[in-house]
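Summary of the model geometry
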Amino acid sequence: MYNHLIIPTFAPEHRDEAMRTIAEASAAIDSASILFAPTLPGVYNGGDAIWRGSFAGRAACEAALASDAWAHAARLLADPAVTPHADIVSYANGTVGGPVDGGGLYRVALFRASVNPTAERLEAFGRQTASLPNAISSIRRWQIATADAASGLHEWTHVWEQEYADRAGLEGPYMMHPAHWAHVERWFDPEYPEFLVHPLLVHTFCAIEQPVIVA
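Nothing here was measured: the structure is a model prediction, and the numbers come from that model.

One non-glycine residue, asparagine 45, lies in the positive phi region at around 50°. Note that asparagine 45 resides in the loop between strand S2 (33-38) and strand S3 (49-55). Given a relative accessible area of 30%, asparagine 45 falls into the partly exposed group. Backbone geometry places asparagine 116, a non-glycine residue, at a positive phi of 50°. Along the chain, asparagine 116 falls in the loop between strand S6 (104-111) and helix H4 (119-135).

Set out below in structure tokens:
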């Protein structure tokens, strides 16, 4: 599966129009699945909405985004008067796991691993991030993937996605779990020799009615 993620920030006076136009265009394009939902309060660099499309492959993704059905949405997303900022990432499925099990909350974080990003360090970071669901039972479906193309606040290198039954599963068991602080946080802390990830990141989430991370 090939995925395209857009996290737009709209000008307040254009937000309703943009949300409506993108929702209509999303229903008209050919895709395996599409999430488009407003973000919830408490996001960090999280935009006004999350758009995530999954496609059979990269060619199918590119064709959908170049189609007439998506053209009006594309114009609004490219217009700085309507969309002053957007973080955009394209990526193939990476390491994925967990049950495909109902709705709740979708959370995605975007990272830029830019401090001495050797192949060995990147592999270890991905492996340890993927190990978190083994310790944190509130994480249901999850995926850690590397970006093919990215823009926005950074040229993002990693997409870390999770699904939870509810927001409490993210902000309690995940954020506070010792495995999070002991095994993964050191990649983000300049005081540790493992320091890898630029401190500016995206942390955003929205409500979902069905699973988002598909195989």
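From this point on, the discussion continues.
With that settled, consider the packing of aromatic side chains. Summed over all chains, the structure comprises 6 aromatic pairs. Their ring planes at 45° and their centres at 5.0 Å tell us that tryptophan 51 and tryptophan 70 sit as a pair that is tilted. Of this pair, tryptophan 51 sits in strand S3 while tryptophan 70 sits in helix H3 (residues 68-78), and the two are 19 residues apart along the sequence. Grouping residues by exposure puts tryptophan 51 and tryptophan 70 together as buried. Plain terms: the ring middles of phenylalanine 125 and phenylalanine 188 are 6.0 Å apart, the flat faces sit at 65° to each other, and that makes the pair edge-to-face. Taken together, the residues phenylalanine 125 in helix H4 and phenylalanine 188 in the loop between helix H6 (178-184) and strand S10 (202-208) connect sequence positions 63 residues apart. Residue class for phenylalanine 125 comes out buried when judged on its relative accessible area of 0%. Among the aromatic residues, ring-to-ring pairing joins Phe111, Phe125, Trp187 and Phe188 into one connected group.

What follows deals with the sheet that holds strand S4 (residues 85-92). Spatially, S2-S3-S1-S4-S8 is the arrangement adopted by the 5 strands of the open sheet, whose pairing is antiparallel. With one partner strand each, in any of the chains shown, S2 and strand S8 (149-151) form the two edges of the open sheet. Each adjacent strand pair in this sheet contributes to an overall mean axis angle of 10°, direction not counted. Both S4 and S8 contribute to a ladder of 3 bridges, which runs antiparallel. When the sheet's bridge partners are listed, isoleucine 88 is paired in S8 with serine 151. Sheet strands touched by helix H1 (residues 15-28): S2 and S3. Its angle to S2, the strand with the most contacts, is close to 165°.

Of note, alanine 71 is situated in helix H3. Alanine 71 sits in the partly exposed class, given a relative accessible area of 25%.

Right, let's talk about the sheet that holds S6 for a bit. Taken in spatial order, the 5 strands line up as S5-S7-S9-S6-S10 in an open sheet, and their pairing is antiparallel. The open sheet terminates on both sides in strands that have one partner only, identified here as strand S5 (95-97) and S10. Shown here is a sheet whose adjacent strand axes are inclined to one another by a mean of 10°, direction ignored.

A few words now on the side chain of glutamate 161. When you line up the elements, glutamate 161 lands in strand S9 (residues 158-164). Residue classification places glutamate 161 among the buried residues on the basis of a relative accessible area of 0%. For glutamate 161, the side chain forms a polar contact with the side chain of arginine 52, separated by 2.5 Å. Within polar-contact distance, the side chain of glutamate 161 engages the side chain of tyrosine 91 at 3.0 Å. Excluding its chain neighbours within four sequence positions, the residues that come into contact with glutamate 161 are Arg52, Tyr91, Tyr106, Arg107, Val108, Arg141, Trp142, Gln143 and Ile213.

Cut-offs and rules
Counting restarts for each chain: residues are numbered from 1 in the order of the written sequence. Reporting of local features is limited, given that this is a predicted model, to residues whose pLDDT is at least 70; pairs of side-chain atoms are given and counted only at 80 or more, and all residues count toward the totals for whole chains, interfaces and linings. As a rule here, side-chain values come from all non-hydrogen atoms in the structure, and water together with hydrogens is ignored. Helix and strand labels come from DSSP, where a helix needs a run of H or I of at least four residues and a strand needs a run of E of at least two; each type is numbered from the N terminus. Burial classes follow relative accessibility: with a 1.4 Å probe on protein chains only, a residue under 20% of its type's maximum area counts as buried, one over 50% as exposed, and anything between as partly exposed. When two rings of Phe, Tyr or Trp (its six-membered ring) have centres within 6.5 Å they constitute a pair, described as stacked for plane angles under 30 degrees, edge-to-face for angles over 60, and tilted for the intermediate range. At least two bridges found by DSSP between two strands are what make those strands a pair. As a rule, the C-alpha atoms of each element are fitted with a line to give its axis, helices using only the stretch in contact, and angles between N-to-C directions run from 0 to 180 degrees. It only takes one pair of heavy atoms within 4.5 Å for two residues to be counted as in contact. Think of a polar contact as two N or O atoms within 3.5 Å of one another; within protein, one of them needs to be a possible hydrogen donor and the other a possible acceptor, and neighboring residues in sequence only count if both atoms come from side chains.

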